[in-house]
Each structure stands twice: as C-alpha cells, then as structure tokens.
Amino acid sequence: MEISSKEMEVRPNTIADVKVDASFRRIPKNAICFHVWKIDEDRLEAEPKSQYGTFLDDCAYIIYAAAPVGSYVNQDTITREVKPSVNLERFIHFWLGEKVSEQKRSNVAHKIQELDSYFSNVAVEYRETQNNESARFLSYFKRGLTIKCGLLVTSSDPNRLYQVYGRKWLRCIEMKSIAWEHFGADYVMLLATANHFYVWIGRSSSSIERRNAIDLANKWQTDPSKITIVDDGYEQSMPDKCKNEWNTFLPLSQRAVCQNSPAIEKPICNKLKIYKCCYRNNRLHLDQLDVVIPTREDFSDSTTAYVLDGFSQGVWLWVGSQATQQDKTSAMGNGRAFVKKKKYPYSTPVIRVIEGHEPSEFIRLFPSWHSESNDMHMKPISTILGKFDSMTLCQRPKMAAETQLIDDGTGERKIYRITKDQVIEMPTTKAVYFNTHNAYVIQYTVVSWSMNPNDSESVGIKHIIYQWNGSEASADITSKAEKFATNLFESINSKSIYIQMGEYDETPHFLQMFEGKLIILLSEKDIPIIQSNNNNNTIITNGHEEKDTLILKVYGDSTYNAKAVEVYPLVSMSSKECYVVKSQHVWVWCGQSSTGDARELAKNVGALLGESSLALEGKEPKEFWRSVTNLMNQSLILNGLNQSHNSLNTSNGGSSSMGSPSPINSNGSVTGNTQYLTSPSTKTPRFQAQLFAVWTLRNKFFCEEILGYDQTDLSPECAYILDAGIISYVWLGKNVSTYEKDKYLSMAQNYLETVPIARRPTTAIGVIRQQDEPNVFKGFFDNWNTNLWNSYVNYEQTRQILSKGSPSLTNGNGVAPLNGENGKLPPSILNNQKDFDRHQKYPIAILQQEIDLLPEEINPLKREVHLTHDDFVSLFNMSFYQFDELPAWKKQELKKKHKLF
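Here the structure is a predicted model, which is why all the values come from computation and not from measurement.

1. Comments concerning the overall build of the protein
Part 1: Secondary structure assignment for the protein yields 25 helices and 42 strands.
Part 2: Across the 901 residues that make up the protein, the buried fraction comes to 54%.
Part 3: Within the protein, residue pairs in contact and separated by at least 24 positions form 68% of the contacts whose partners lie at least 6 positions apart.
Part 4: As displayed, the protein offers around 41,000 Å² of accessible surface, 48% of which is attributable to carbon and sulfur atoms.

2. Thoughts on the sheet that holds strand 38 (residues 690–697)
Part 1: Spatial ordering of the open sheet is given by 21-20-23-24-25-42-41-40-38-39, a layout of 10 strands whose pairing is mixed. Of all strands in the sheet, those with a lone pairing partner are strand 21 (423–426) and strand 39 (700–706), marking the two edges. Strand-to-strand twist in this sheet, taken as the mean axis angle between neighbours without regard to direction, amounts to 20°.
Part 2: The sheet contact formed by strand 41 (residues 727–732) and strand 42 (residues 764–769) spans 6 bridges and is parallel. Considered in strand 42, the bridge of V730 is made with V767.
Part 3: Running over the sheet, helix 12 (residues 475–491) touches strand 20 (413–418), strand 21, strand 23 (439–445), strand 24 (463–469), strand 25 (496–502) and strand 42 and is turned about 175° from strand 24.
Part 4: Of the strands in this sheet, strand 25, strand 38, strand 39, strand 40 (719–723), strand 41 and strand 42 touch helix 18 (residues 744–754), which is tilted by about 135° from strand 42.

3. Re the pattern of salt bridges
Part 1: Enumeration according to the criterion identifies 34 salt bridges in this entry.
Part 2: A salt bridge links D301 to K276; its shortest N-O distance comes to 3.4 Å. One end of the pair, D301, is in the loop between strand 16 (283–288) and strand 17 (305–309); the other, K276, is in strand 15 (residues 273–280), and 25 residues separate them in sequence.
Part 3: Several salt bridges converge on common partners, so that one network encompasses K142, K168, D710 and D713.

4. Concerning the confidence of the model for the protein
Part 1: Mean pLDDT over the protein stands at 83; residues scoring 70 or higher make up 81%.
Part 2: Low confidence marks residues 647–685, where pLDDT is under 50. Its contacts with residues over four positions away, or in another chain, come to 73 contacts.

5. With respect to the pairing of strand 5 (residues 60–68)
Part 1: Most of strand 5 sits out of view: 8 of its 9 residues are buried.
Part 2: With 7 bridges joining them, strand 2 (residues 31–40) and strand 5 adopt antiparallel strand pairing. Following the sheet pairing, F34 is matched in strand 5 by A65.
Part 3: Bridging between strand 5 and strand 7 (residues 88–96) involves 9 bridges; their strand directions are antiparallel. Considered in strand 7, the bridge of I63 is made with H93.

6. Considering the packing of helix 4 (residues 207–220) against helix 20 (residues 795–804)
Part 1: Remark: helix 4 packs on helix 20, axes separated minimally by 9 Å, with the N-to-C direction vectors making an angle of 30°. Here helix 4 is positioned roughly parallel relative to helix 20, judged by the angle of their axes. The two elements helix 4 and helix 20 meet at a crossing, and its hand is left-handed. Across from S207, R210, R211, I214, D215 and N218 in helix 4, the residues of helix 20 making contact are Y795, T798 and L802.
Part 2: A per-class count over the contact of helix 4 with helix 20 returns 3 nonpolar, 3 polar and 3 charged.

7. What about the packing of aromatic side chains?
Part 1: On inspection of all chains with the given rule, the structure shows 60 aromatic pairs.
Part 2: Members of the aromatic cluster, connected to one another through ring pairs, are F34, Y52, F55, Y61, W95, F137, Y140 and F141.
Part 3: In this structure, R136 is placed above the aromatic ring of F91, and the distance from its NZ or CZ to the ring centre is 3.9 Å.
Part 4: A cation over an aromatic ring shows up here: K841 above the ring of F836, its NZ or CZ 3.6 Å from the ring centre.

8. Description of the side chain of R90
Part 1: As for its placement among the helices and strands, R90 is situated in strand 7.
Part 2: D116 provides the closest opposite charge to the buried, salt-bridge-free R90, at an N-O distance of 8.5 Å.
Part 3: Within polar-contact distance, the side chain of R90 engages the backbone oxygen of K29 at 2.8 Å.
Part 4: Looking at R90, its side chain comes within polar contact range of the side chain of Y64, at 2.8 Å.
Part 5: R90 has contacts with K29, N30, Y64, A65, F119, A123 and V124, leaving out every residue within four places of it along the chain.

9. Observations regarding helix 12
Part 1: The end-to-end C-alpha separation of helix 12 is 24 Å, in line with the 24 Å expected for 17 residues at 1.5 Å each.
Part 2: Of all the residues in helix 12, the buried ones are I477, T478, A481, A485, T486, L488 and F489. Along the long axis of helix 12, the arc covered by the buried residues comes to 160°, so they all point the same way. Exposed residues pointing more than 90 degrees away from the buried face of helix 12 are listed as A475, D476 and K483.
Part 3: In this fold, the buried residues of helix 12 make contact with strand 20, strand 23, strand 24, strand 25, helix 18 and strand 42.

10. Things to note about helix 2 (residues 102–118)
Residues three or four positions apart in an α-helix share a direction because the helix packs 3.6 residues into each turn.
Part 1: Look at helix 2: 25 Å from first C-alpha to last across 17 residues, which is about the 24 Å you get at 1.5 Å a residue.
Part 2: All of the buried residues along helix 2 are K104, R105, N107, V108, A109, K111, I112, Q113, E114, L115, D116 and Y118.

11. Notes on the state of the cysteines
Part 1: On inspection of all chains with the given rule, the structure shows 0 disulfides.
Part 2: Free cysteine: C277, not disulfide-bonded; nearest cysteine sulfur from C278 at 7.3 Å.
Part 3: Owing to a relative accessible area of 7%, C277 belongs among the buried residues under this scheme.

12. Looking at the sheet that holds strand 9 (residues 145–148)
Part 1: Spatially, 7 strands are ordered 4-9-11-10-12-13-14 in an open sheet, and the strand pairing comes out mixed. Whereas interior strands pair on both sides, the edge strands pair on one side only; in this sheet they are strand 4 (54–56) and strand 14 (227–231). Direction aside, neighbouring strands of the sheet carry axes that sit 20° apart on average.
Part 2: Sheet topology places strand 9 next to strand 11 (residues 171–174); 3 bridges connect them, and they run parallel. Looking across to strand 11, one finds that L145 is bridged to R171.
Part 3: The sheet strands contacting helix 5 (residues 240–249) are strand 12 (188–192), strand 13 (197–201) and strand 14, and the helix crosses strand 13 at an angle near 80°.
Part 4: Running at roughly 135° to strand 14, helix 20 makes contact with strand 13 and strand 14 of the sheet.

Scoring rules and cut-offs
- Residues numbered from 1 in each chain as written.
- Predicted model: local features only at pLDDT ≥ 70, side-chain atom pairs only at ≥ 80, totals over all residues.
- Heavy atoms only, no water.
- Helix = DSSP H or I, 4+ residues; strand = E, 2+ residues; numbered from the N terminus.
- Buried < 20%, exposed > 50% of the residue type's maximum accessible area, 1.4 Å probe, protein only.
- Contact = heavy atoms within 4.5 Å.
- Areas by Shrake-Rupley, 256 points an atom, 1.4 Å probe, with all protein chains shown as cover.
- Pairing = 2+ DSSP bridges.
- Axes fitted to C-alpha atoms, helices over the stretch in contact; angles between N-to-C directions.
- Salt bridge = Lys/Arg side-chain N within 4 Å of Asp/Glu carboxyl O.
- pLDDT = per-residue confidence, 0-100.
- Parallel < 35°, antiparallel > 145°, perpendicular 65-115°, else oblique.
- Left-handed = near helix turned anticlockwise from the far one by under 90°.
- Nonpolar A, V, L, I, M, F, W, Y, C, P; charged D, E, K, R; others polar.
- Phe/Tyr/Trp six-rings, centres within 6.5 Å; stacked < 30°, edge-to-face > 60°.
- Lys NZ or Arg CZ within 6 Å of the ring centre and 35° of its normal.
- Lys, Arg positive; Asp, Glu negative; His and termini not counted.
- Polar contact = N/O pair within 3.5 Å; in protein donor to acceptor, adjacent residues only side chain to side chain.
- Expected span 1.5 Å × (residues − 1).
- Arc of directions from axis to C-beta.
- Disulfide = S-S within 2.5 Å.

This is how it looks when you write it as structure tokens:
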C-alpha cells in the first residue's frame, strides 16, 4: 500500500525548526501533572481547572497527562515534581470538536509536535474526536464531559437545551436550537429556561443516566422548586403553568421523539493486521506482514515504524526507538493517511507509541508480549509456592486475587453429574472422575467462613457454585447443567458466587479443590469409584467390570493447576511431561525435563489407580513398552523397545547397563527415531485486569472500559465485567435492570466475543452480586470498603427527594386519580403501567394504518400499547391501567372505534 503525502493531516516537512510554545515550557519535565489547552484560531490558551471537562464543539484541545508507570491521573491531579529516577508515562491527546475548522485541526497538529519535542518524542499520542473518545481520555473526567455549542457562546439568550446520555461517562451536549428533533427515547433532555429547569426522561434511558441527569440539574439549579421532571409520553400531565412554558419552547402539538436514537457502535474485530513502513523511491509504502496473531517479535526492526490495524476500533503506529526524528513526527500524519486510504470513519482513533514506552492498552493486544516494561505495568505477583492456607488468603485479598484462590480448597463439596437424562449426586472419593461428554455442578463451602466475623467478611462469601462443561458435552447437557446451577445459585440463602467454565479453562481454585486428583476420561463408560481396603486403594465400577487399560496425561506442577486427562492413542511424549499408564500394571512415566513437583503429582495419580512403578524417560524397561501395546502409537512402542534392547546389550567396562541413553540431546533435539518431543519454553504472560461497564440496548451489547478504576466506579444501578484473564467476573449492582439480572451469562459471552483478542467461549465466567464480593474479586481494588454503598441513593430515591421540594414534579403515573394507600398505586397496577411504558411509542396516525404498513415490531392485536400515555388518554379518556381492567369485549369495542384493531 502506498501513502501519498497529500493524504496526511499534517506533513512534518512544513516545520523546519520546532519552537516550543511558552505555555508548554512552564511544565516541569519531571512532574506528575494534568493540563488542558484550547486552540482558538492560532492561539494556545491554557484552560482553568474549573473548566476541565468542558469543551466547545468548534474548538480543538490538547491534553497532557503524566503519571508513574501503571498509575493514573485525572482532572483533579495537583502538579508535583518527582525525582528524575521515577519512570513516568506521558500521554498527549488532541481532541477535535464536531464543528472544528480545518485550520484549527492543522494548528493543533503542529502544537502537539511542539509539546512532544519538549518531552523528547517519547509520549504516547492520541487523536480523539467528539463522541468517540478513548478509554484513557475519558478516565481523566470521572464527572463526565460537557460539550457546549460554539455558536451560542456569545448569545445573550439564557434558554438552552441539553442532551444527556452515558452509563459510565456522562455526556451533556448543548444543542444549537430548542426543538423536538433533538429528542430521543434513549436520552435524558435538560431544558433550561430563565425561570425554570425541566428534566425530560426518555423511556429507554437507564436509571443511572436519569440519576446523574437529576444530579446535574441540582448542580445547575439549586432551588428544587424550580425543577420539574417530565416523563416521556406524559408531557400533558405537567401542571398548567409548566405546560404553558414548555409549549412556548416545544409545542406539544409538534411532539416527535425518535424511538431509536443512533447509538455509537464499534464494529467487532478480533483480527489485527500489521504493516511495516518502508520508503521506496522517496515514497512511503506499507508492506503487510503475514501474521495470524500479532506478537512483539513482529516488530523486529527498531529503525522504522509499523502500523497495527485494528480497523475502526483504532489504528496504532509503533515507532522503533532507533527510528529517525521524521518517522516519529510524521507517524500521526501517516496514521490519518492510512485511515483515509482504508476509507475508515473519520472518528477512527489514531495512536502513536514509541518502542519502550508502550502503554498497557497496546501491550494487552499481544497475548505473548514480554518485556521489562510490561512487568512494570503489572501488579507484583506473590512468589509463595506450594500450599496457600485459608487464613493467609483471607487476610490478604491481593494475594487471593493474584492467585485466584479463595481458600485452600479443603472445604466441603457436593458434586452433581449432569447427563442427558438425570442429575446424579456423586459419592465422596479421593479421586474424582469426570467424563468429557458430561457436565458437572459442584456446591462448595468456603473454609474461611467458619472463622471469626472479620475473616468471614474479608473472604466475602460462604458458597461457590461451579459448573464444569466437558468439551464433548452436548448443548442439551450444558443447558441442563446451567439451569440446575443457576437455580442452585439463586436459591441459596447465603453469600455465594456462581462460576461457569469449560474443560481446558479450569480456574486455580476449582483444581485446588481436587488437589491434583481430578481425572478426566474420554469415553462414555462407567466412571471408576475409589474405595479403600486395609492395604491399598482399589477401583470398582458401580458393580461393573473395571476398565483394563488407561493412559492419563498429568498436567501442572501444583495442586492448583494440576489434573489428569485421558489420551488415546498416545502418538508422542514430551520430555517435560508426565503420564500415568494403567494396563496389567500401573506405570508413572516422567520426562527427563519434568519438574520434581510434576513427578510427585503424577505419582499421586498413579497411587490412586493401584500399586505403581516409576519409568523415567530414556530408562524405561521393556516391560513398560510391552504393557502399553493397545494405548500408544505403534512406531512409538517399537522405537522404545529398540532403545531398551540396545541398552541391555551395551557393555561398559565388562558390565551391562540397565538404562537406555536418552533419546533427547542436551540441545533438545530428537535422536534416533523415538518420537519424544520437546515442549517449547513458554512463559505465561501476566494479565492486567480490566473493568468494563456493560449493558444491552434493543438486544445489542455494549461495553465501555474504565481505566484506572477503583471501587467507586461500580454503581449499584449498573452491571460490570472485571476481566482477570483466566476468568471474567460479572458484577451485578442491586438496582441493575431486570434484563441484565436475568441475562448475565449472555452479556459475559457477548463480551468474550468482542474483546480485541478473541477468547474461547469456554473461558471461565464468575457471577457476583453486590455485597457478595469474594476476596478474589476485591483484591483487584485498592482499599475495598464494605460500607461504601450503605448511603447510596438510587434514581427512584433521588426523584422522591427532589419531589419533596418541588410540588410541580410529575410522577409519570398519568392524570387519573391515584388509588391505594398514601396516594400510591398498588404494585400490580404499577407493574402494569411500567410494562406499558417499556414498549416503543408511535404517533396515532402510524398505528391506525393497515396491517402491512405497520412497523414490524408492532403486534396488530396490541397496537394500543405503542401509544404514549398522553395519546392513550386523549383517545380512550382513561389511562392504560384503567383500560386494562375492562372486560375483553369492551376493550375490543373501544379499539375498533379508534381504528386500533
């Protein structure tokens, strides 16, 4: 691909000598700080702290943030100098308003080059656009963003209309005019007049958006008697005085509300492409690399730049540390040219990173990224090996989170085997046998719960409900297991969590429960049960004949990562692996490079199957090879026998050696024909936990990352996903919507499908309810406060508090007289009314059309539920809940009369 200089947003050769603006030079080079500047035509103006988070839609802004590696700053950060030895991460963002001019775009591009050169061209640069800001940019403004209309800055008219939305990051957008065209069912609208303040609640807006909008109204209008809440479709219910003023600005006769407001959707793309920047004939060319999953090794040339194409999710420019100054300064321009060439949206993020200064957002795109700088991004992991006692894990939640061990796994457990036809509780045995064709549900009682109250509060839960799905289990079985597990989870009257996982994705604590004695079998056969006699453990099989032959591959080197899995036939053996072979005799085969811990675990598994013998790689007796005839690949057995035969006939000083030479050379290569394999030395990458706010809107899944998160970012009215790598936790607030309460597993699966690096759908999912947080979750947050939400005021309560000081507040219950105690609607009627409000609303004229002209989501027999409350009352002279109490014949007669049948 060839990039033309004309496609660049700014060309570096237009700047001969970079002269740094005086505003930039005032920043200490070694300081933790946060600064914002506005580009006004050709001037650079430093914004006062009181204006941080407020932007004009026709301006461009520059944000500079510096913090120690792995830490975060925000709009409240106070500048403080640090020692030169402190390693700082530097970020430069330039933000472009929706109405910004070409001249301002060019000016801001020049200014960021000045700022970047002042900090030696090592800062990470972000190109941000209105309504499509990066997670890092949004993390600076936890109180939300206010975007004002540049056209109205000099206007003397005090009346304004604002569009408010955003589950986590609240956006308050000033509209250029006061008109119905800006209204949408997904938004909360704020109408500020000279005398009054109106909060219009869109029917599809979330409770957290409504709550935050009311808080904003209270901030702007401190007199609650001058605030009126207006519900979507209930405008006619306003008091006359308020309705008359509303009609002055927004005539109800012209009411038109968009039912499907355009939501910003980022296309799902889990495939990344890498291009290497090359100059040929003085022109820039991008050569695509042939890679499936990008790795750090793909950036092999530190003298040039690479483009990492994440499609509309973002285009990254990685510049080598030895690249020229021109490559560093032209990277952003080249990135914009790439976006134009690919015809990606104008809002596509473009980010430049310098080798050795990669931010966590970039590093985590590469599952195998390893570097010293990466280690600095991660929280230190505990170096304690072996057993973890419950008390230590209870008192040190960070260790529990790092290891994902809630306790030492010795608590009481009940295991249920889920087959196609039945649910069977399994007896307690030393060894536990799972079948890959079935699913299993385990109810586990946490050990530390029995300790003192403080420790019980620290560990957080009393029970864990595990669901394990075999890799060959049918959809019917996994569905049945899920239903059984969720019923168990929801019926337990104590603090508990629910964890669902698939074979190959077991969590450390799940494996710790079995202490390395979990055996997973391949075929549909009777599951062996261990029983003890006076001498040794023997195997019986529910009254059936025991299986004669079995070969197990033993995974792991500790009780919290170990299991034994049946393999058949065995075609290769790695020098780093251990196997247990049961035929006429039990053999424990250990590779030459296997660890002592792994060998001990293998011996323990062998002891469960009977009296066993150890066979070391290269020293296997011929009896071993002969006893595994039906289990291994024939060439592997023949080669093994040949090695054993040669060893018996090799003399050394007149004596014979009973051991055969190892078929693996010291360099790891294979000698002879024996099919031993060497496993590559792989280092499991650390994973930095990520927090996302998640929700669904009209059956579409949305998520928004929260960088630099803490406990206060969790709202009781929202759902979140904490991605800890080996497990993703779904956290459900107490006031979360009914849909999200019921569909938490679907949201987690949607998340796994949309992360930049695709995960297996069997990745473990944990479900946590507010106030039932376990230590393995709390440990990801600094200074967890159990009492944080004791005084939390939700949307409904916020509205009630406001209504006490605002007699003109509307309640959305219609104009009919209220029935019930204390003037409140009975619960059955209130639920009926809420159900009515959940439907999309259409004008009367559309609902009275012929059936084939109706929108597809409308049931022709239920057209009346798609009327707004005001339209319903105008037609039927009663509210919906009054109408719904009528006999069926009467309702049908009224609907025919008004052409709604």
